[in-house]
Amino acid sequence: MENAKTIISKISRRKFIVGAGGFTFLITTGVIWPKLSAENKTANDGTITAWVHLQPDGKVIIYNPAAEMGQGSMTALPVLIAEEMDVDWSMVIIENSPIIPEIYGSRGFRGGNSMITVGSRAVSGYYEILRQAGAQARYVLLYNAAHKWDVPIQELTTDAGVVIHKSSGRKMLYGEIAEFAKSPDKIPKIPKEQMKQPGQFRLIGKNIPRYDIPEKVNGSGIFAMDIQLPNMVYGAISRSPINGARPVNVLNKDSILEIDGVIDLVTLEHGVGVIANSIETAFKANKQLQIQWSEGAKAANYNSVEAFEKYENMAEDASIKGSVIKNKGNITNALQNAEKTYS
Amino acid sequence: MQVETQSDATLLWTLRDHLGLTGTKYGCGKALCGACTVHLDGMAVRSCTTPMSMVTNRSVTTIEGLSKDNSHPLQIAWVEEQVPQCGYCQSGQIMQAAALLQNNSRPTREQILAQMNGIICRCGTYTRIVRAIERTAQNL
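Residues numbered from 1 in each chain as written. Chains lettered and ligands numbered in written order. Predicted model: local features only at pLDDT ≥ 70, side-chain atom pairs only at ≥ 80, totals over all residues.

A.B. asks: Requested: an account of the overall build of chain B, with residues and values cited.
C.D. replies: From N to C terminus, chain B includes 5 helices and 3 strands. Helices and strands appear in chain B in the N-to-C order α-β-β-β-α-α-α-α. Compactness check: chain B gives a C-alpha radius of gyration of 15 Å against a globular reference of 14 Å for 140 residues, within 12% of the reference. Overall size of chain B, expressed as C-alpha extent along the three principal axes, is 45 × 25 × 25 Å. Split into buried and exposed, the 140 residues of chain B put 46% on the buried side. (Helix = DSSP H or I, 4+ residues; strand = E, 2+ residues; numbered from the N terminus. Rg over C-alpha atoms; globule rule 2.2 N^0.38 Å. Buried ≥ 20, exposed ≤ 12 C-beta atoms within 10 Å, placed from the backbone.)

Below, the structure written as structure tokens:
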């Protein structure tokens, strides 16, 4: 496990946050650093979070910790932060966070911090941790406004991107606070009862248009296949036609290697890969491969049509007793007591 | 526009790798899925099986060329109906639909289904695709 100091220097190396102006909420359980350059702060064993960057123009960059392409958690996770931070949603910019589980992982997942995006668990796994982060970010804003106005922090409220001091009628935009914000020495964990109650939600539970839709209707959205790097090479694999068969030999290896643009052939456990200087060439060479496959693969004599028939017969044969894997409730009773039955 | 390719090059890879227009997607490479659909002189074609020799001196429109700022009526409807899930096939879906509306601005539901049949969406966004096309046609 790396300590916080290491992590911070790693962040600055990766330069993932825009250098120009603004305030990054770099929060641990007890301490917040005002700027990434504050590397002289002592390391802390708490978890650092760095999900939010507030710009002087009021724009709020939220770093989405889940790798997500279509189910909507790319939008839903930043909503959790924005809700508790009380941000004007139209000012939110969502960017993908770098892969640093110590900072962006969720403890809601099994065992320590991790950044897995799996099993429909992103939103539930991050629900508490991101709302807490948002609430703490809001606390920092209130703290700074209270100092500026020299009023007790308890007298301040927020409303979608604005800090309000009701009794004097003063208001301060979040972006204005970014210009002078300093970090309090300690940020309290915000207790649940001080966070928003469901009736106060402005964003959670509402229909928020997905952030990634506009780029998916004009071709600008980047999928893995669209990433192009200088001097990139491409690979395509011919897999064995039968599960378990291994490539023994490529019969026309020499002529494949002579194809203009082909760089190399790679023998794998389950197939043969062509490396080429363009994807089109890799595909073209791949199609021409003459591969000799090993004999005797376990699946060689498997016939899925016959297997299906066999299972079908077993299912219909009442004399064959299956083995019970899970048993819950009593179906006979349930049917007898059912209000309505359909057949 | 001039571009130098190998003699057996296809339109798809020329667009993506030579011209950097990656909005047009590779799906099956066999004209079976429609993810690579573009317009050739206004007609919807599968760019993965369109040889460059067929394209010479003809006009090609890709998803990037449909509008400069997401303002094509179909793109607006696509956002309003929140059509895409993963979005990988949607360039092809939109280009196929755009070709339909160019020739027939008031298509029936049956005509929409017939035109869009064969452009495959693995996420299953078909009902939203049809709604977005119907919404566009009503507003044209």
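A.B. asks: Would you mind going over the overall build of chain A in detail, with residue names and values included?
C.D. replies: Helix and strand counts for chain A stand at 9 helices and 13 strands. The proportion of buried residues among the 343 residues of chain A is 28%. Considering only intrachain contacts with a sequence separation of at least 6, the fraction spanning at least 24 residues in chain A is 63%. (Contact = placed C-beta atoms within 7 Å.)

A.B. asks: Please set out the environment of A:Glu312 residue by residue, giving values where relevant.
C.D. replies: Residues and elements named next belong to chain A. Positionally, Glu312 belongs in helix 8 (residues 304–316). Owing to 10 C-beta atoms within 10 Å, Glu312 belongs among the exposed residues under this scheme. Considered as a pair, Glu312 and Thr158 are 154 residues apart in the sequence and their alpha carbons are 64 Å apart.

A.B. asks: So what's going on with the interface of chain B and chain A? Which residues, and what values?
C.D. replies: On the chain A side, the residues contacting the 26 residues of chain B number 20 residues. Among the elements of the structure, helix 1 (11–18), helix 2 (73–80) and helix 3 (90–103) of chain B are those that each provide at least two residues to the side of chain B that touches chain A. Looking at the side of chain B that touches chain A residue by residue, the classes come out as 11 nonpolar, 13 polar and 2 charged. (Nonpolar A, V, L, I, M, F, W, Y, C, P; charged D, E, K, R; others polar.)

A.B. asks: Let's hear about the confidence of the model for chain B: which residues, and what values?
C.D. replies: Low-confidence regions, as indicated by low pLDDT, have predicted coordinates that should not be scrutinised in detail. On average, residues of chain B score 95 in pLDDT, and 100% of them are at 70 or above. What the predictor reports for the complex is a pTM of 0.82 with an ipTM of 0.95. (pLDDT = per-residue confidence, 0-100.)

A.B. asks: Describe the packing of helix 2 of chain B against helix 3 of chain B, and please don't skip the residues or the numbers.
C.D. replies: Residues and elements named next belong to chain B. Closest axis-to-axis distance for the helix 2/helix 3 pair is 10 Å, and the angle between their directions is 130°. Compared by their axis directions, helix 2 and helix 3 come out oblique. Crossing of helix 2 against helix 3: the hand is right-handed. Packed against helix 2, whose contacting residues are Leu74, Gln75 and Trp78, the element helix 3 presents Ile94, Ala97 and Ala98 at the interface. Residue composition of the contact of helix 2 with helix 3, grouped by class: 5 nonpolar, 1 polar and no charged. (Axes fitted to C-alpha atoms, helices over the stretch in contact; angles between N-to-C directions. Parallel < 35°, antiparallel > 145°, perpendicular 65-115°, else oblique. Left-handed = near helix turned anticlockwise from the far one by under 90°.)

A.B. asks: Got a sec to walk through the sheet that holds strand 12 (residues 271–276) of chain A? Specific residues and values, please.
C.D. replies: All names here are of chain A. The antiparallel open sheet is built from 3 strands, whose spatial order is 9-12-11. At either end of the open sheet lies a strand with only one pairing partner, and these are strand 9 (234–239) and strand 11 (262–267). Shown here is a sheet whose adjacent strand axes are inclined to one another by a mean of 20°, direction ignored. By the bridge criterion, 5 bridges tie strand 11 to strand 12 in an arrangement that is antiparallel. Across the sheet, the residue bridging to Thr267 is Val272, located in strand 12. Those strands touched by helix 7 (residues 279–288) are strand 9, strand 11 and strand 12, and its axis lies near 20° from that of strand 9. (Pairing = 2+ DSSP bridges.)

A.B. asks: Go over helix 8 of chain A with me, naming the residues and quoting the values.
C.D. replies: With 13 residues, helix 8 of chain A extends 18 Å from end C-alpha to end C-alpha; this agrees with the ideal 18 Å at 1.5 Å per step. For helix 8 of chain A, a buried count of 0 out of 13 residues is recorded, marking the element as mostly open to its surroundings. (Expected span 1.5 Å × (residues − 1).)

A.B. asks: An account of the confidence of the model for chain A is requested, with residue identities and associated values reported.
C.D. replies: Residues and elements named next belong to chain A. On average, residues of chain A score 84 in pLDDT, and 84% of them are at 70 or above. Strand 7 (residues 162–165) holds the highest mean pLDDT among the elements of chain A, 98, whereas helix 1 (residues 4–14) holds the lowest, 40. Low pLDDT, under 50, characterises residues 1–20; the stretch is placed with 25 contacts to residues that sit more than four places away or in other chains.

A.B. asks: I'd love a proper account of the packing of helix 2 (residues 73–85) of chain A against helix 4 (residues 122–149) of chain A, names of residues and values included.
C.D. replies: All names here are of chain A. Orientation of helix 2 relative to helix 4, taken along the N-to-C sense of each, is 30°, at an axis distance of 6 Å. Crossing geometry of helix 2 relative to helix 4 is assigned as right-handed. Contacts from Ser73, Ala76, Leu77, Leu80, Ile81, Ala82, Glu83, Glu84 and Met85 of helix 2 reach helix 4 at Ala122, Val123, Tyr126, Tyr127, Leu130, Arg131, Ala133, Gly134, Ala135, Ala137 and Arg138. Class assignment of the residues belonging to the contact of helix 2 with helix 4 gives a composition of 14 nonpolar, 2 polar and 4 charged.

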